[in-house]
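Next come the chains, spelled out residue by residue.
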Amino acid sequence: MVYSYGHRNAEGLAWDGAGRLWATEFGEHAYDELNLIRPGHNYGWPMVEGRSHEFTDPKAGWHTEQAGPSGIAIRSTGHQTVAWVAALTGERLYRVRLNGPNVTGRTALLRNSLGRIRTVAIAPSGRLWVVTSNTDGRATLHPHDDKIIAVWFS
């Protein structure tokens, strides 16, 4: 059984509190994506990157130099749901606010402070664990690379 198709390079998968599956995806040259994955939907690859009128559109997108989205973690607290998206190429962490199946805002955090961010996970304490990926031959090495860093954002 094929769940969905038309994906180029899905890097991260996470379920939200309502049981919706979200995926981060590398584009080729134009746009990286955050997709809400729905059974039977076609997300357009290799025909399109980003939005189109023929395929299922991403819920958020970035130019490839701003993201390179990899790992994703989703946390719901009260009436707020946030997808935390690690960005390799963009060397940042995105806080993407979700309202049901929609993106209502996004903020870039940790810009150019840790290097390439590979993934993010939610710790039992509620903090975020951010993992860097600078020693893979694609970034400038710094002393003590790579790291797992505990951070807290509201």
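Now for a quick tour of the structure. If you're wondering where the values come from, they're calculated on a predicted model, not measured in any experiment. (Residues numbered from 1 in each chain as written. Predicted model: local features only at pLDDT ≥ 70, side-chain atom pairs only at ≥ 80, totals over all residues. Heavy atoms only, no water.)

### Some points on the side chain of S52
Alright, step 1. The residue S52 is located in the loop between β3 (31-37) and β4 (60-63) in this model.
Alright, step 2. In this structure the side chain of S52 is engaged in a polar contact, spanning 3.2 Å, whose partner is the backbone nitrogen of F55. (Helix = DSSP H or I, 4+ residues; strand = E, 2+ residues; numbered from the N terminus. Polar contact = N/O pair within 3.5 Å; in protein donor to acceptor, adjacent residues only side chain to side chain.)

### Some points on the packing of aromatic side chains
Alright, step 1. Applying the stated criterion to the full structure yields one aromatic pair.
Alright, step 2. Pairing W62 with Y94 gives two aromatic rings, centres 4.9 Å apart and planes at 35°, and the pair type is tilted. Of this pair, W62 sits in strand β4 while Y94 sits in strand β7 (residues 92-99), and the two are 32 residues apart along the sequence. Judged on exposure class, the residue W62 and its partner Y94 are both buried.
Alright, step 3. The residue whose ring lies beneath R8 is W45, and the NZ or CZ to ring-centre distance is 5.4 Å.
Alright, step 4. In this structure, R75 is placed above the aromatic ring of W152, and the distance from its NZ or CZ to the ring centre is 5.3 Å. (Phe/Tyr/Trp six-rings, centres within 6.5 Å; stacked < 30°, edge-to-face > 60°. Buried < 20%, exposed > 50% of the residue type's maximum accessible area, 1.4 Å probe, protein only. Lys NZ or Arg CZ within 6 Å of the ring centre and 35° of its normal.)

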